[in-house]
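# Summary of structural features
The primary structure of each chain is shown beneath.
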Amino acid sequence: MADVLYFVVPCYNEEDVLPETSKRLLEKLEWLTSQGIVDEKSRILFVDDGSKDKTWEIIRGLHQKDVRFSGVKESRNRGHQNALLAGLYTAVNYADVTITLDADLQDDINAADGMLAAYNKGADVVYGVRSAREKDTFFKKFTAEGFYKVMKKMGVDVVFNHADYRLMSKRAVKGLFEFGETNLFLRGIVPMVGYPSDTVYYERAERFAGESKYPLKKMLSFALDGITSFSAKPLGMIASLGLALTALGFAGLIVTIVLLALSIIPAWGLLIAVMTFLTGIIVTSIGVVGIYVGKNYIETKARPRFIIEETLTDPSPTGDKTE
Ligand code: UDP
Ligand code: MG
C-alpha cells in the first residue's frame, strides 16, 4: 500500500492565491493518487497563520466541498516557521510523509514527484533547492544569497538556496519535535535531525498573485534570528575586536605622544576621535551580548509556539468534525 502524504501549506493573508493554489495542489494530489504513488487518504493541509483577510473562510469552504482539503487555524499570526510547525503537528497524526510548501506556489509543485521518488528510495528528508534565481529581483537575490553565505560563515549548517520546500518522513518530523526551542529556524534545525537526506532541484517562479509577506524588515529579523539561534561566533568576534582595539590603542598612544612632543596636533583633537570610536564599539558589543541574553530570556519562559483555534480534518482526531 502506498504511503499517506500531507502537503502542509502556511497561509498568511493569502485570499488572492488560495483559489488557484488549491486547484493546482488538488490536481497534483489526484495525479499522485492515480499513479499509486500516494494513498487515497492523502490530504492538502492549509495552515491559517492568523490571517486578517478571508483566508480561513476560503479554507473552510474548500474543506466543506472536498475532504481532501484540511485546515488548521492558529489563534493569531506567529510567523511562517511556527505556522509550518503547527501544520506538521497536525499532519503527523495522519501522514507517513509530509511536504511543506508556500501558498503562492513559487516552488514548483512538480518537484514533489522527485521528492517522493527520493523518499521511496530511502531518504527521510528531501530538500527542494532552487536551481536559479532569474525570476527574483536583483535585491531579493542579493539579500537572499548573502544570507546563506553569512550563515555558512557563522557556522550554521544550512542547505544553500533551500527555503522551506521540503519533504520529511514521519520519523524525521518526530525528530524535529524533539527540538523544543521557541525561536524556531527550521532550515538550521532540520539538518540537525539527521537521517538519510537527498536534494531535488527546481526553478522558483514569481508569485502569481498577492504580494510578498516577507518585507525587508521581516527578512532581516529572520536572518539575525537564524544566526543568533545557532552560533555563538558573534561573541567570539567581539573578543577579537576588543583585542585588535587594544593593539590599535597602544600604537595610537605612542604616535600621539610623539606628535604632541613635536607640537603638531592639539591634544583634544585626537581624544574626541578616539572617544567616539571606542564608545561606538562598546555599545555595539553590548548590543550583541544583549541579543543573546534576550534569547535566553525568551527560551527560559518556554512559551507555546502556537495555539490552534480550529482544526478541519477528515478523519478528525476525535472521530467527529470540529467545525
Ligand atoms: N507566511 C506565514 N506567516 C507569515 C508570513 C508568511 O504563514 O507571517 C507564509 C505565506 O503565506 C507564504 C509563505 O509563508 O505561504 C512564504 O511567504 P512569502 O511568499 O510572502 O515570502 P517570499 O516568497 O516573498 O520570501
Ligand atoms: Mg513567496
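So, here's what we can say about the structure. As the structure is a computational prediction, the values presented were derived from the model and not from experiment.

### So, the nonpolar core
- Within the largest apolar cluster, 37 residues are counted, with the highest numbers of intra-cluster contacts made by F7, V9, I44, F46 and I99.
- Every element with two or more residues in this core is listed here: β1 (5–11), α1 (18–34), β2 (43–48), α2 (55–65), β4 (97–100), α4 (111–120), β6 (162–169) and β7 (197–202).
- Per-element tally for this core: the top contributor is α4, with six residues.
- Formed by 29 residues, the second largest nonpolar core is a distinct cluster that contains V8, L85, Y127 and L184.

### Some details on helix α3 (residues 80–91)
- End to end, α3 covers 16 Å across twelve residues, agreeing with the expected 16 Å (1.5 Å per residue, within 8%).
- All buried positions along α3 are accounted for by H80, Q81, N82, A83, L84, L85, A86, G87, L88, T90 and A91.

### A few points about the site of ligand 1
- Near ligand 1 lie 20 residues; those nearest to it are E14, D49, D104, S212 and K213.
- Y12 is positioned with one of its backbone polar atoms (N or O) 2.9 Å from an oxygen atom of ligand 1.
- Backbone polar atom of A103 to an oxygen atom of ligand 1: 2.9 Å apart, as the coordinates give it.
- Here ligand 1 has 540 Å² of accessible area as a free molecule, and 95% of this is covered by the chains.
- Breaking the shell around ligand 1 down by element, the ones donating at least two residues are β1 and α3.
- Here the shell around ligand 1 is composed, by residue class, of six nonpolar, five polar and nine charged.

Reading guide: rules and limits
- Here the residue numbers are simple positions, counted from 1 along each chain's written sequence.
- Lettering of chains starts at A and numbering of ligands starts at 1, both following the order in which they are written.
- Totals for whole chains, interfaces and linings use all residues, but because this is a predicted model, local features are given only for residues with pLDDT of at least 70 and pairs of side-chain atoms are given and counted only at 80 or more.
- Calculation of side-chain values draws on the structure's entire complement of heavy atoms; hydrogens and water are dropped beforehand.
- Throughout, nonpolar core names a set of buried Ala, Val, Leu, Ile, Met, Phe, Trp, Tyr and Cys residues whose side chains join them through atoms within 4.5 Å.
- Remark: exposure states derive from per-residue accessible area (1.4 Å probe, protein chains only) relative to the maximum for the residue type, with buried under 20%, exposed over 50%, and partly exposed in between.
- Secondary structure elements are defined from DSSP: runs of H or I of at least 4 residues count as helices, runs of E of at least 2 residues count as strands, and each element is numbered from the N terminus.
- Expected span of a helix: the number of residues minus one, times 1.5 Å.
- Residues are counted as near a molecule or strand when any one of their heavy atoms sits within 4 Å of it.
- In protein, a polar contact requires one atom able to donate a hydrogen and another able to accept it; more generally it is a pair of N or O atoms within 3.5 Å, and residues adjacent in sequence count only if both atoms are side-chain atoms.
- For every accessible area listed, the method is Shrake-Rupley and the probe measures 1.4 Å; residues are considered covered only by the protein chains on display.
- Gly falls in the polar group here, along with every residue not listed as nonpolar (Ala, Val, Leu, Ile, Met, Phe, Trp, Tyr, Cys, Pro) or charged (Asp, Glu, Lys, Arg).

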